[in-house]
Amino acid sequence: MSPPLITHLYTADPSAHVFDGKLYIYPSHDRETEIAFNDNGDQYDMVDYHVFSLDSLDYYTTPTPAKEEEGEEVKSKSEPPKVTDHGVVLSASDVPWVSRQLWAPDAAKRGGKYYLYFPARDRASIFRIGVSVGPTPTGPFTPDPEPIPGSFSIDPAVFVDTLPDGGEGDAYLYFGGLWGGQLQCYQGGNTFSAYDSSWLGPKEPSGPGAKALSPKVSQLAPDMRTFSGPVRDLVILAPETGEPIAADDHDRRFFEAAWMHKRGDVYYFSYSTGDTHYLVYATGSSPLGPFTYAGRILEPVLGWTTHHSIVEFRGRWWLFHHDCELSNGVNHLRSVKVKEIFYDKDGKITTEKPK
């Protein structure tokens, strides 16, 4: 397993993007806390965001199997990449509607502007999703004074589609997270007004015939700060039945950590299974789904949570994720890591380099 990319701070939930040829990482910023561990996630008490950048990942490239057999070192002989910390770009105190817990963020670029999306609890302790806007990938970011209208739950992930000619297509916001992320409180509808506090806590549907709760998606308006249509379920199907994944199938059902990327004409929606600690993915032919479960990307790591992003950089594909190695297993003190991934001839994701 590779060493942490960032060691002077605890960082988690890395959203990696390539802007103007440089790689940027937008993670959560974990911090020490006296709050006891609980399934509501209160110990993840983050208050600000940093942005990091780097120019190369050559140190982490995987050798070909043939060269590895010949004795090639697993790591490149180059030095670990220099990671630049651009400092705090947004704090909870900057956002009027936020009460606490700046959880996993994401970023996007459109029309020469950069957008930082983030979840946080509002003044009623309900998770909403906010957006801030800046002129560069590192800000400064100015937050909108209110959350995105109609948003709820956690883990925003923004995907800007590409047109056949390489231009920018429509943009979509994916989101949702169970238990502490409150997604289970919206079983009455995909609107903020459907919130049902009786489902707060480590709860979700279960039992014979119950279907897993779906992550959510909505197309973003051209301003990138509002929805242009309704919030929809992003349906994930079991390949063996063609039906939505069962609620009790905790090895495959969506829990949190939505991410979307595209390779060729195939859309890959990846996510965490939460209490079984896998990173998995599903594939589809439309950014709105449906998606069919396709397999695992990452087995459980040290620590309870697992959260990631996938990005192409200089002709290679990379999985950014986190674990708790640097903190010796403290669940709320995590560190970002990176691993090269590959695709087989059928387009399936693999962590082993094809021969």
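About the criteria used
Residues numbered from 1 in each chain as written. Predicted model: local features only at pLDDT ≥ 70, side-chain atom pairs only at ≥ 80, totals over all residues. Heavy atoms only, no water. Helix = DSSP H or I, 4+ residues; strand = E, 2+ residues; numbered from the N terminus. Contact = heavy atoms within 4.5 Å. Lys, Arg positive; Asp, Glu negative; His and termini not counted. Charge placed at Lys NZ, Arg CZ, Asp CG, Glu CD. Phe/Tyr/Trp six-rings, centres within 6.5 Å; stacked < 30°, edge-to-face > 60°. Buried < 20%, exposed > 50% of the residue type's maximum accessible area, 1.4 Å probe, protein only. Lys NZ or Arg CZ within 6 Å of the ring centre and 35° of its normal. pLDDT = per-residue confidence, 0-100. Polar contact = N/O pair within 3.5 Å; in protein donor to acceptor, adjacent residues only side chain to side chain. Salt bridge = Lys/Arg side-chain N within 4 Å of Asp/Glu carboxyl O. Pairing = 2+ DSSP bridges. Core = buried A, V, L, I, M, F, W, Y, C linked by side-chain atoms within 4.5 Å.

What follows covers the overall build of the protein. Per the secondary structure count, the protein includes one helix and 21 strands. Its C-alpha atoms put the protein at 60 × 50 × 50 Å along the principal axes. Contacts in the protein between residues far apart in sequence, at least 24 positions, make up 56% of those at least 6 positions apart. Of note, the protein has its 32 positive side-chain charges centred 2 Å away from the centre of its 48 negative side-chain charges.

So, on to the packing of aromatic side chains. Here a ring pair, both rings aromatic, is described through the centre-centre distance and the interplanar angle of the planes. Tallied over the full model, the rule gives 26 aromatic pairs. Aromatic side chains phenylalanine 19 and tyrosine 114 sit 5.2 Å apart centroid to centroid with 75° between the ring planes, which places their arrangement in the edge-to-face category. With phenylalanine 19 in strand 1 (residues 10-19) and tyrosine 114 in strand 6 (residues 113-121), this residue pair connects regions lying 95 residues apart in the sequence. Taken individually, phenylalanine 19 and tyrosine 114 each receive the classification buried, so the pair is uniform in this respect. Between the aromatic rings of tyrosine 268 and tyrosine 343, the centroid separation amounts to 5.6 Å while the plane-to-plane angle is 70°, which identifies the pairing as edge-to-face. One end of the pair, tyrosine 268, is in strand 15 (residues 266-272); the other, tyrosine 343, is in strand 20 (residues 335-343), and 75 residues separate them in sequence. Comparing tyrosine 268 with tyrosine 343, the two get one shared label, buried. Cation over ring: arginine 296 sits above tyrosine 278, and NZ or CZ is 3.6 Å from the ring centre.

Another point: the confidence of the model for the protein. Mean pLDDT over the protein stands at 94; residues scoring 70 or higher make up 95%. Scored below 50 in pLDDT, residues 71-76 shows 12 contacts in the model against residues more than four places distant or in partner chains.

All right, on to the environment of serine 99 then. By secondary structure assignment, the location of serine 99 is in the loop between strand 4 (84-91) and strand 5 (106-110). Overall, serine 99 belongs to the partly exposed group, its relative accessible area being 32%. Taking C-alpha positions, serine 99 is 32 Å from aspartate 170, a pair spaced 71 residues apart along the chain. With residues up to four places along the chain from it excluded, the contact list for serine 99 reads Arg121, Asp122 and Arg123. A polar atom in the side chain of serine 99 sits 2.7 Å from the backbone oxygen of aspartate 122.

Further remarks concern the side chain of arginine 128. Here arginine 128 is to be found in strand 7 (residues 127-134). Aspartate 122 provides the closest opposite charge to the buried, unpaired arginine 128, separated from it by 4.4 Å. Among the polar contacts listed, one links the side chain of arginine 128 to the backbone oxygen of serine 151, at a separation of 2.7 Å.

Here the focus is the pattern of salt bridges. Applying the stated rule across the entire model yields 21 salt bridges. The partner of aspartate 42 in a salt bridge is arginine 121, and the shortest N-O contact between them spans 3.9 Å. Here aspartate 42, found in the loop between strand 2 (22-30) and strand 3 (48-54), pairs with arginine 121, found in strand 6; they are 79 residues apart in sequence, far enough to count as distant. Of the two residues, aspartate 42 and arginine 121, neither departs from the other in class, the shared state being buried. Here aspartate 161 ties to lysine 262 by a salt bridge, and the two come within 3.0 Å at their closest N and O atoms. Linking aspartate 161 in strand 9 (residues 157-162) with lysine 262 in strand 14 (residues 256-263), this pair joins segments that are 101 residues apart in sequence.

With respect to topology, four strands assemble into an open sheet ordered 5-6-7-8, the strand pairing being antiparallel. Of all the strands in the sheet, the pair left with one neighbour each is strand 5 and strand 8 (142-143).

Before going further, it helps to spend a moment on the sheet that holds strand 15. With respect to topology, five strands assemble into an open sheet ordered 13-17-16-15-14, the strand pairing being mixed. The open sheet terminates on both sides in strands that have one partner only, identified here as strand 13 (236-237) and strand 14. Pairing analysis gives five bridges linking strand 16 (residues 279-284) to strand 17 (residues 291-298), with the strands arranged antiparallel. By the bridge assignment, tyrosine 281 is partnered in strand 17 with glycine 295.

Take the nonpolar core next. Core analysis: the biggest nonpolar cluster contains 59 residues, and Tyr117, Leu173, Tyr174, Phe269 and Ile310 have the highest contact counts within it. Element by element, the count of residues in this core is highest for strand 10 (residues 168-175), at five residues.

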